[in-house]
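A look at the structure
Here is how the chains run, residue by residue.
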Amino acid sequence: MANPSVGGQALKRLFSAGVESLSQNVDHINQLNVFPVPDGDTGINMFHTLQRAYREIEPIESDDVSLIAERFAYGALMGARGNSGTILSQLLKGFADGLDKAPNMTSERFAIACQAAVKQGYASVSEPTEGTILTVAREATEALQSSETGSSSLKGMLENLIAAAQASLDNTPNLLPILKDAGVVDAGALGLLCFLEGLQSGRSRPQVTRTQAATSVSSLADGAESYGYDVQFLMIGEDLNVVQARHDLEQLGWSVIVVGDRKMIKVHIHVDNPAIPLDYAVQAGAALDDVVVENMELQYRQSVVGAPFNPDRRDPEPPRVSVIAVVEGDGLRAVFCDLNCSVVIRGGAGQNPATEDFIAAIEGVASEHVIILPNDRNIVLTAQQAADLVADKRVQVLATETILQGISAMLAFGDAVDSNTDFETMVAQMCAASLETRSIAIARASRRTRFRDLDINENDFIAIVDGELCAASTDLARVALDAFAQLEGCGLELATVYYGAGLSELEADQLIERLTKTIKGLEFEAVYGGQSLYLFLISVE
């Protein structure tokens, strides 16, 4: 970036280098998890956000810098995943707007664009939290404003921007106590820094396209472009290698997402032959569970051609209000379907839906009124971004932060439908029901750590109550009892225990039996959830 100004193709190369830099740090970013649970996916979310952004500009040959920035931002908006990915997409939108249609980017215009990026980023969040990606973007940009931008080269300005971003990143634990408690910096802020460092290096490699990936993986493919199969499954074992599995599976398909720990790995992959990744897992010595194979080519043809005409068929009247929910686990998905959820989007760690996934779901239902249940605090911003981009329907996002809050909201939805409640009252009742739910999540610790006053060893059972890590023990029943102790005095009557993939109803019943010996007056019910990372999700009401 030593040139006095940058054109569109130069910016395209810099963006490519930024995406490449972040891709090399995905695992490290994911590991900056506040709680020792292998559900950290900030790196994956930000990478897929930027990967979608780059696909938008890859075929563009124009040297107009504003056009490249605008289309890159649009791709990021559509591909945004998770809160950090969504905020990053808003920063990029502000940056593009700040270029103000300029054909080339000078140092002065670069500084203005950075200021516009920060303004847009902060405006996109109703209650901005300091110590996050927003803080780093703001403080880095303020460092530019304090320098003589008019006489600085773009290269020098970027160096100053990165140095200030690094200093701001290092300070995030001092601004956000939960980061200090966990001994980490903010993951989204680190992702932004990795992207900026890529711009500085200017080193990129050719982006692997979907066609190249498909051609390289399977000799069974006929060479014709196809949508292939969406394959999802769990690998269950005793000493699995997540990093090696991710590397190997990336050679077998595209849109690869691999998350987990030594005992369970969750895989999402697109391939032309679904037998190949399943065979890989078996050959790696893992047991398979929760296998889902979807023919994307068939789904595409059905969406284009439509269902065969049937003169005797009478389409039912569309529901007045449709609910769209993000759900992980085949048992939990069945629960939402039974509660008349119109669209269930597959979610979970490493598989957060993108903005365009929500938009497709919203536009796919016939109802003019739509309610979205993200069921994960890391998905709320993405859902809201999608809702804001749909103009012809009334879309309300309920900020459900857990799947258990989502179930309570769906129960209230059913009551509201039966009572023919108006939309505003229905939303209020669903929101109230979700907030009344108390939740316990039990998992195994993925690493040794100390969190506040808890000394946690790898593979300890840990309990998270209403989003707060509160107990750890080598004894499952002990950690569950400690979690229930946090709820004493709340006048609760029913606990529904959703047990995860790889567990049996007998194991759930054994836990319940031990709990009932100590906890009196609380009724327990076991339900198969099929969630991958949490052994038990317990809703208490």
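It should be emphasised that the depicted structure is a prediction, and the values quoted were computed from it without experimental measurement.

Moving on, we get to empty space enclosed by the protein. Under the definition given, this model contains 2 cavities of 30 Å³ or more. Reported here for the largest cavity is a volume of approximately 320 Å³. Taken together, 22 residues line the largest cavity, and the ones lying closest to its centre are Phe 95, Cys 114, Leu 161, Leu 192 and Leu 196. Here the residues of the lining of the largest cavity are counted per class, giving 21 nonpolar, 1 polar and no charged. Its volume calculated, the second largest cavity comes out at about 80 Å³. Taken together, 14 residues make up the lining of the second largest cavity; nearest its centre are Gln 232, Lys 266, Asp 290, Arg 333 and Gln 351. Every element with two or more residues in the lining of the second largest cavity is listed here: β3 (229-236), β5 (264-271) and β6 (287-295). The element best represented in the lining of the second largest cavity is β3, accounting for 3 residues. Here the lining of the second largest cavity is composed, by residue class, of 5 nonpolar, 4 polar and 5 charged.

Let's shift gears to the side chain of Thr 135. With respect to the element layout, Thr 135 can be found in helix α7 (residues 133-145). On the basis of relative accessible area, Thr 135 is assigned to the buried category, the value being 0%. Among the polar contacts listed, one links the side chain of Thr 135 to the side chain of Glu 130, at a separation of 2.4 Å. Once residues within four sequence positions are removed from consideration, Thr 135 is found in contact with Tyr 122, Thr 129, Glu 130, Ser 168 and Leu 175.

End to end, helix α10 (residues 187-201) covers 21 Å across 15 residues, agreeing with the expected 21 Å (1.5 Å per residue, within 8%). Summarising burial for α10: 12 of the 15 residues are buried, a large majority. In this structure Asp 186 caps α10, since a side-chain oxygen of it lies 3.3 Å from the backbone nitrogen of Gly 188. Gly 202, located one to two residues past α10, shows a positive phi value of around 70°.

Taken together, the side chains of Val 282, Leu 288, Val 291 and Val 293 define a hydrophobic patch exposed on the protein surface, amounting to about 290 Å² of accessible area. Among the elements that line the nonpolar patch, the one with the most residues is β6, at 3 residues. Position of Leu 288 among the secondary structure elements: in strand β6.

Going residue by residue along strand β10 (residues 394-397), you find Val 395 and Val 397 tucked away on one face and Arg 394 and Gln 396 left uncovered on the opposite face. Relative to β10, strand β9 (residues 369-373) is paired through 4 bridges, and the arrangement is parallel. In the strand pairing of β10, Ile 371 is matched with Gln 396. This β-α-β element, β9 to helix α17 (residues 380-389) to β10, shows right-handed connectivity.

With that settled, consider the sheet that holds strand β11 (residues 438-444). Ordered in space as β15-β14-β11-β18-β16-β17, the 6 strands form an open sheet in which the pairing is mixed. Both edges of this open sheet fall to β15 (468-473) and β17 (523-528), since each of them pairs with a single strand only. Taking each pair of neighbouring strands and ignoring which way they run, the sheet shows an average axis angle of 20°. Bridge count between strand β16 (residues 494-499) and β17: 6 bridges; the pairing is parallel. Paired with Tyr 499 across the bridge in β17 is Tyr 528.

Here we come to the environment of Leu 199. Tracing the chain through its elements places Leu 199 in helix α10. Judged by relative accessible area, Leu 199 falls into the buried class, the value being 11%. Between the alpha carbons of Leu 199 and Arg 13 there is a distance of 8.5 Å; along the sequence they are 186 residues apart.

Once that is clear, we can look at the confidence of the model for the protein. Taken over all residues, the pLDDT of the protein has a mean of 86, while the share at 70 or more is 89%. Throughout residues 206-226 the model reports pLDDT below 50, and contacts reaching past four residues in sequence, or to other chains, amount to 28 contacts. Between residues 299-315, whose pLDDT stays under 50, and residues either more than four places distant or in other chains, the model counts 5 contacts.

To continue, consider the packing of helix α1 (residues 8-23) against helix α4 (residues 65-79). In the contact formed by α1 and α4, the axes pass within 7 Å of each other and the chain directions differ by 30°. Relative to α4, the crossing made by α1 is right-handed. Between α1, through Gly 8, Gln 9, Leu 11, Lys 12, Phe 15 and Val 19, and α4, the contact on the second element is made entirely by Val 65, Ile 68, Ala 69 and Phe 72. Taken together, the residues of the contact of α1 with α4 sort by class into 7 nonpolar, 2 polar and 1 charged.

Reading guide: rules and limits
- Residues numbered from 1 in each chain as written.
- Predicted model: local features only at pLDDT ≥ 70, side-chain atom pairs only at ≥ 80, totals over all residues.
- Heavy atoms only, no water.
- 1 Å grid on protein atoms, 1.4 Å probe; cavity = no way out; pocket = protein on both sides within 12 Å on 5 of 7 lines; lining within 4 Å.
- Points joined across faces, edges and corners; volume = space filled by probe spheres on them.
- Nonpolar A, V, L, I, M, F, W, Y, C, P; charged D, E, K, R; others polar.
- Helix = DSSP H or I, 4+ residues; strand = E, 2+ residues; numbered from the N terminus.
- Buried < 20%, exposed > 50% of the residue type's maximum accessible area, 1.4 Å probe, protein only.
- Polar contact = N/O pair within 3.5 Å; in protein donor to acceptor, adjacent residues only side chain to side chain.
- Contact = heavy atoms within 4.5 Å.
- Expected span 1.5 Å × (residues − 1).
- Patch = residues over 30% accessible without salt bridge, like charges linked within 9 Å, V, L, I, M, F, W, Y side chains within 5 Å.
- Areas by Shrake-Rupley, 256 points an atom, 1.4 Å probe, with all protein chains shown as cover.
- Salt bridge = Lys/Arg side-chain N within 4 Å of Asp/Glu carboxyl O.
- Pairing = 2+ DSSP bridges.
- Right-handed = clockwise from strand over helix to strand, strands pointing away.
- Axes fitted to C-alpha atoms, helices over the stretch in contact; angles between N-to-C directions.
- pLDDT = per-residue confidence, 0-100.
- Left-handed = near helix turned anticlockwise from the far one by under 90°.

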